[in-house]
Amino acid sequence: VENVRLLDRFSSRRAVLGTLYLTATHVIFVENGSETRKETWVLHSQISSIEKQATTATGCPLLIRCKNFQVIQLVIPQERDCHDIYISLIRLARPVKYEELYCFSFNPKLDKEERGQGWKLVDLNEEYNRMGVPNNYWQISDVNRDYGVCDSYPTEVYVPKSATAHIIVGSSKFRSRRRFPALSYYCKANNASICRSSQPLSGFSARCLEDEQMLQAIRKANPGSDFIYVVDTRPKLNAMANRAAGKGYENEDNYSNIKFQFIGIENIHVMRNSLQKMLEVCELKSPSMSDFLWGLENSGWLKHIKAIMDAGIFIAKAVAEEGVSVLVHCSDGWDRTAQVCSVASLLLDPYYRTMKGFMVLIEKDWISFGHKFNHRYGNLDGDPKEISPVIDQFIECVWQLMEQFPCAFEFNERFLIHIQHHIYSCQFGNFLCNSQKERRELKIKERTYSLWAHLWKNRADYLNPLYKSDHSQTQGTLHPQIAPCNFLYKFWSGMYNRFEKGLHPRQSVTDYLMAVKEETQQLEEELEVLQERLASLQKSQSGDNKAKSKQQDRSKQFGLYTSNNSLANTPQEYGNDLKSFPSRSPSQGDEEDSALILTQDNLKSSDPDLSANSDQESGVEDLSCRSPSVGGCLPSEDSGKDSDEAVFLAG
Amino acid sequence: MEFAELIKTPRADNVVLHRPFHPAVEGTLCLTGHHLIFSSRRHDNAEELWLLHSNIDSIEKRFVGSLGTIAIKCKDLRIIQLDIPGMEECLNIASSIEALSTLDSVTLMYPFFYRPMFEVVEDGWSSFLLEQEFELLSSMTNEWRLSCVNKDFSVCPSYPPVVIVPKSLDDEALRKVALFRHGGRFPVLSYYHKKNGMAMMRSSQPLTGTNGRRCKEDEKLVNSTLRSGRRGFVIDTRPLPVAQQARAKGGGFEQEVYYPQWRRIHKYIERFNILQESFIKLVEACNDQSHNMDRWLSKLEASNWLTHIKELLTAACLAAQCIDREGASVLVHGSEGTDSTLQVTSLAQIILDPRCRTIRGFEALVVREWLQAGHPFQQRCAQSAYSNSKQKWEAPVFLLFLECVWQIHRQFPCSFEFNEQFLIMLFEHAYASQFGTFLGNNENERAKLKLPQKTMSLWSWVNRPEELSRFQNPLYEANSLVIWPSVAPQSLQLWEGVFLRWNRPSKFLEEAEEETINIIKYNKELQAKVNALRRQLAEMETDEEVQEEQ
């Protein structure tokens, strides 16, 4: 469809004209005119909602909201075209079969072997060995070999050595969805462990000997402690309500030596609504500070993030400081339990704060233990009530920790954002389906590619320059401040307003430092070359001249390049229409991230930020606070002239 | 007056000091005329805490049996607690601190007693003279002149003795204009934009009153900054109704009929007690120990602090935009022209002028646009967020300015030569200092107090290389561009470095800062090494060529 206008979210004047293409996998908007012909690519699987608004004189507006928090506003001249696009997109955005998803057609031009290698990058067996199991206390159990006991669990689970198959099966029958207690994290240093399960089917009085034995076995697997914590991550009220349905929580009287604890994390429905409310705040056109803060508070989002963090901190403390094992569950044990176990692991073990370790962590606590990616992130058309930003919250928890511990993580914010993007993009097979069983049936590993391999290949883009493996922050357990700490939880505009580049700091310290480090590395190399040459020159003062001049050429290539200055010299000018006196976000034709340029060629559609690049000027808003009378009465004769004036200073 | 009279108990032993994130320590407390000194000799690391009495904002005392507890709340927002055994000692110490921290005579303040332990290389009192500023201006334009019309402070008591004004107006005309402007603050040059020759002036409100008085000289003065056929903008920092009400009290605003080439824009920047209350509420919220996330956000919101920040930045961006993008001259004023006016003009310069983003340039800006421009520091910064005095003239105007600079800094972390610590240091010294720089309300008072002769300038200390190194931003790369910050709520953050400074563990952030410095330092060292080697090699190679030719 031609002559479509892409509107700027903040100013109707900044619309650009272009052509809209629908392909089998993407919506593509190509700008007319300008030499660059900027392109905006949106994957169908990223589309979360499409809204057709009332037709106006200029055309028919179409609003596309994406799961990666991009919002695209289009105006299509013909009502009929708009309707067609609307209908097509609705269908395309809601595939009914896995085979329709992008990962089955996405081909990064790797051969079969490379694909296989990619899938082997993250190996959970290796991970359990790294933790130190199997050992005298823990063993791998094959009771779930063919998913016979629990179809949402992996085939290989670690259980206490003293837990016989009889106990496991018995316990599984007493747990929701038969998700029996299994090992999530084992702390080599003191034998304490984190185990996970679903809620017990205790109702008001039911008990199960095998389940009690199972918990006993977990306690015995940690000889240093005479009790275990059982952490129910639900609010007490919710857990009690579950009792009426024959579910519930452990009765301390029935289980020997447990300490039972509620940690009130709300359920997926509350979380879904909370995110919805927060996104509404993010979408406000020109909110006042009060609108924003009120909206943020009303959404409750940060409160929920804090609840998850608090739970993780509690467990990490129990394991690291008290040396007590913990059993974590919620209702089904695949949402809050996954969040809390992975936050606790991240706090406890520096390995999970490395790039590779973080991939392993997601693989372990989320993918293998049957977090329902398909349902939660709506990959296939399904029940909208199943959708909830569960892993988004975990990813935000990591970001909040990165803010508090800037040197503790090997990866940077971009790494988190790209993982979030790909959880929804369905471009890689990792997050498909609801369980390992389904993934095996679909032969995901033979038919799709692994995100981890893709991220690993581009790991240079995701490094945190402040990370040093021998730094104190990268050793041992992280101890976030507990109280008072409310103010430590901040709104993450890098995620929720990630496509409004104008709202973000214009100069990235991370990118700057990475450039410096890169230069440092080149300098080190050059230094070596120079020293060698100096040595050889001193040795034989009458050497071959030609060879030397060649070498000299080489050293010139190394020359002290100044590309790291590009950040500071990024053009920074308002290109605003001056009629409106915008006092805000400059549309300083932000240069594309260097990292993005690197990946652009071969992975055009895989890079989450690519679509953003073509929309660099978003974030320019009208001046919200001007008095209405002022905007209109400014001299208009200057405006045309001025917008041409944007200065792009180079070097 | 002898300070000794105020100190009934000069020394107390077995005092326990409590600070957030530090273990409690036992030691000896001493009171001197200007300091509260706490020293402990635990193990081998002796620890000392020196606190200026003038830094103390308020104190609270409590008793449990004969053990007294004094909570000391400082102007830099720190709260410490001292447990003092003995009811009498405790009472004596509390009353001494109270008396010593609220001395009413300026000349008893510490700067008059302070003797520096460092060698003064450059006297800060003469580091930033307007004459130097004018010299620089003269190299760009000849439309302005230095006027000494105020040399004895008779035309405008809150202006410095010399000011920069349009060349076309003589001193006689300036005197007339001064009568037409509140407090005699006639329009003077604040900033000259080299790129397009536009000027930013500042003044106070015109005294039009209800019957619409006019002053031809005033009109001539402001018009003289306009290019033919171009318009200028008057940025009034009051909303229109407030400006209109001001007429009843003899004030007012520039009326279209008399200033046809000027377009007036009203912005709303809060003043005085509203700001002070906002400051107090914010600090209260930051010190709240409760665990409830919701209460934190609503308290932050209710303080309105970030709203003030947003409004202020918006107004400054507007002024900058008029100059740089519209190519228009600008006149900024509110009522008195000593508060919001200065906030706007100085922030606009941060945005427009790369020089103001250097350490030296920023110091010059503070001197020019705040100290010499007559911001009444002594009144505004008499008390901080813990005071109960609630005087009308107390307001965190300068702090708001510093925070806005910080907000811009955060968005452009590589464009400033100074770091966050530099801004925090200025905040501290504006409220309590051993230096005389921020004493007095204007140049007139400073001259009367003979501050340059009797006290040390803050700049004499800061600009020593040893001190400067603490305030340098390792990421700095000179950026000659105009930097436009975003003022969207998502882009503005609480200034943790000031407001949460004492309530959060800063170790991890400091470590990050250190790591940043190391990365850049190592890079520079390598560059130097490589350059030296290259030179050496080049020399050797040319030598060799010469040899071979022979």
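Given the structure is predicted, the values throughout are model-derived calculations rather than measurements.

The rules we used
Residues numbered from 1 in each chain as written. Chains lettered and ligands numbered in written order. Predicted model: local features only at pLDDT ≥ 70, side-chain atom pairs only at ≥ 80, totals over all residues. Heavy atoms only, no water. Helix = DSSP H or I, 4+ residues; strand = E, 2+ residues; numbered from the N terminus. Contact = heavy atoms within 4.5 Å. Domains from an automatic or database assignment. Buried area = accessible area lost by both parts, 1.4 Å probe. Salt bridge = Lys/Arg side-chain N within 4 Å of Asp/Glu carboxyl O. Polar contact = N/O pair within 3.5 Å; in protein donor to acceptor, adjacent residues only side chain to side chain. Pairing = 2+ DSSP bridges. Axes fitted to C-alpha atoms, helices over the stretch in contact; angles between N-to-C directions. 1 Å grid on protein atoms, 1.4 Å probe; cavity = no way out; pocket = protein on both sides within 12 Å on 5 of 7 lines; lining within 4 Å. Points joined across faces, edges and corners; volume = space filled by probe spheres on them. Nonpolar A, V, L, I, M, F, W, Y, C, P; charged D, E, K, R; others polar. Disulfide = S-S within 2.5 Å. Buried < 20%, exposed > 50% of the residue type's maximum accessible area, 1.4 Å probe, protein only. Core = buried A, V, L, I, M, F, W, Y, C linked by side-chain atoms within 4.5 Å. UniProt positions renumbered as here; feature names shortened; annotations may be inferred. pLDDT = per-residue confidence, 0-100.

Undergrad: Any details on the overall build of chain A? Residues and values, ideally.
TA: Scanning chain A for helices and strands turns up 24 helices and 14 strands. Residue pairs in contact within chain A that sit at least 24 positions apart in sequence constitute 71% of those at least 6 positions apart.

Undergrad: An account of the domain arrangement of chain A is needed here, citing residue identities and associated values.
TA: Residues and elements named next belong to chain A. Looking at the assigned domains, one finds that chain A contains domain 1 (4-94) and domain 2 (112-501). Taking only C-alpha atoms, the centre of domain 1 and the centre of domain 2 are 36 Å apart. Across the contact, twelve residues belong to domain 1 and 21 residues belong to domain 2. The junction of domain 1 with domain 2 conceals about 1,600 Å² of combined surface from both sides, 52% of it contributed by carbon and sulfur atoms. The tally of links from domain 1 across to domain 2 stands at two salt bridges. In this structure, Arg-94 engages Asp-381 in a salt bridge whose closest nitrogen and oxygen atoms are separated by 4.0 Å. Remark: the boundary between domain 1 and domain 2 carries seven residue pairs in polar contact (both at pLDDT 80 or more).

Undergrad: Which residues make up the sheet that holds strand β14 (residues 329-333) of chain B, and what values go with them?
TA: All names here are of chain B. Taken in spatial order, the five strands make up an open sheet running β10-β11-β14-β12-β13, and their pairing is mixed. The outermost strands of the open sheet, each flanked by one partner alone, are β10 (188-193) and β13 (262-266). For this sheet the average axis-to-axis angle between neighbouring strands, irrespective of direction, equals 20°.

Undergrad: Residues and numbers for empty space enclosed by the protein, please.
TA: Applying the stated criterion across every chain yields a total of twelve cavities of 30 Å³ or more. Considered as a void within the structure, the largest cavity measures approximately 270 Å³ in volume. The wall of the largest cavity is formed by 20 residues, among which A:Lys490, A:Phe491, B:Leu300, B:Gln493 and B:Leu494 lie closest to the centre. Going through the elements one at a time, α8 (289-299) of chain A together with α7 (293-303) of chain B are the ones with two or more residues in the lining of the largest cavity. Sort the elements by how many residues they give to the lining of the largest cavity and α8(A) lands first, with four residues. Its residues assigned to classes, the lining of the largest cavity comprises 15 nonpolar, three polar and two charged.

Undergrad: Can you tell me about the state of the cysteines, naming the residues and giving the values?
TA: Residue and element names in this part refer to chain A. For the structure on display, the rule yields zero disulfides over all chains. Cysteine Cys-150 shares no disulfide, and the gap to the nearest cysteine sulfur, in Cys-330, comes to 13 Å. No disulfide involves Cys-195; its sulfur sits 8.8 Å from the nearest other cysteine sulfur, which is in Cys-341. According to the relative accessible area criterion, Cys-195 is buried, its value standing at 0%.

Undergrad: Outline the environment of B:Val530, listing residues and values.
TA: Summarising the element assignment, B:Val530 is placed in helix α19 (residues 507-549). Once you skip the residues sitting within four places of it in the chain, B:Val530 turns out to touch A:Leu523, A:Glu526, A:Leu527 and A:Leu530.

Undergrad: Describe the nonpolar core, listing the residues and the values that go with them.
TA: Among the nonpolar cores identified, the biggest contains 232 residues, and A:Phe358, A:Trp452, A:Tyr496, B:Phe362, B:Leu426 and B:Phe499 are the most heavily contacted of them. The dominant element in this core, judged by the number of residues it contributes, is helix α8 (residues 305-324) of chain B, at 13 residues. The residues contacting B:Leu426, other than those within four sequence positions of it, are B:Phe362, B:Val366, B:Phe398, B:Leu402, B:Phe438, B:Leu458 and B:Trp459. In this structure, B:Phe134, B:Leu189, B:Cys215 and B:Val234 belong to the second largest nonpolar core, which totals 32 residues.

Undergrad: Requested: an account of the UniProt feature "binding site: substrate" (unreviewed entry) in chain A, with residues and values cited.
TA: Residue and element names in this part refer to chain A. Look at the UniProt record and you will see "binding site: substrate" (unreviewed entry) annotated at Asn-267, Ile-268, Cys-330, Ser-331, Asp-332, Gly-333, Trp-334, Asp-335 and Arg-336. A maximum C-alpha distance of 12.3 Å places the annotated residues, which cover 70 residues in sequence, within one compact spot. Along the chain, the position of Ser-331 falls in the loop between β14 (326-329) and α10 (336-348). Its relative accessible area of 16% is what places Ser-331 among the buried residues. Those residues in contact with Ser-331, other than ones at most four positions away along the chain, are Ser-176, Ser-198, Gln-199, Arg-234, Asn-242 and Arg-336. The residue Gly-333 is located in the loop between β14 and α10 in this model. Ignoring any residue separated from it by four or fewer positions in sequence, one finds Gly-333 in contact with Arg-179, Arg-196, Ser-197 and Ser-198.

Undergrad: How would you summarise the UniProt feature "active site" (unreviewed entry) in chain A if you had to cite specific residues and measurements?
TA: Residue and element names in this part refer to chain A. As recorded in UniProt, the sites labelled "active site" (unreviewed entry) are Cys-330. Relative to the helices and strands, Cys-330 resides in the loop between β14 and α10. The class of Cys-330 is buried, set by a relative accessible area of 2%. Among residues more than four places away in sequence, those in contact with Cys-330 are Ser-197, Ser-198, Gln-199, Asp-232, Thr-233, Arg-234, Asp-335, Arg-336 and Thr-337.

Undergrad: How would you explain unusual backbone geometry if you had to name every residue and give the values?
TA: Residue and element names in this part refer to chain A. At the junction of Val-133 and Pro-134, the peptide bond is cis and its omega measures out at 0° in the coordinates. A positive phi angle, close to 60°, is found at Asn-257, a residue other than glycine. Mapped onto the secondary structure, Asn-257 falls in the loop between α6 (236-244) and β13 (258-262).

Undergrad: Pulling in residues and values, what's your account of the sheet that holds strand β2 (residues 22-31) of chain B?
TA: Residue and element names in this part refer to chain B. The strand order β4-β3-β2-β1-β7-β6-β5 describes an open sheet built from seven strands, whose pairing is antiparallel. Strands with a single pairing partner mark the edges of an open sheet, and in this sheet they are β4 (47-52) and β5 (56-64). Each neighbouring strand pair of the sheet contributes to a mean axis angle of 30°, computed without reference to strand direction. Pairing of strand β1 (residues 11-19) with β2 involves six bridges; the strand directions are antiparallel. Its bridge partner lying in β2, Leu-17 is registered against Val-25. Along the sheet, helix α1 (residues 87-100) makes contact with β1, β2, β3 (35-40), β5, β6 (67-74) and β7 (79-85), crossing β5 at roughly 165°.

Undergrad: Can you explain the confidence of the model for chain B? Please cite residues and give values.
TA: When pLDDT is low, close inspection of the predicted coordinates is not appropriate. Residues and elements named next belong to chain B. Summing up the model confidence of chain B, the mean pLDDT is 93 and the portion of residues at 70 or higher is 98%. Confidence, read as mean pLDDT per element, is least for α7 in chain B (87) and greatest for helix α9 (residues 340-352) (98). Interface confidence in the predicted complex, given as ipTM, is 0.94; pTM for the same model is 0.90.

Undergrad: An account of the pattern of salt bridges is requested, with residue identities and associated values reported.
TA: When charged atoms on two side chains of opposite charge get close, those side chains can pair. All names here are of chain B. For the structure on display, the rule yields 56 salt bridges over all chains. For Arg-175, the salt bridge goes to Glu-172, with nearest N and O atoms at 3.1 Å. Placement of both Arg-175 and Glu-172 in helix α3 (residues 171-180) is noted, with a separation of three residues, approximately one turn of the helix. For Asp-288, the salt bridge is made with Lys-299, and the minimal N-O distance between the two is 3.1 Å. With Asp-288 in the loop between α6 (272-286) and α7 and Lys-299 in helix α7, this pair connects stretches of sequence that are eleven residues apart.

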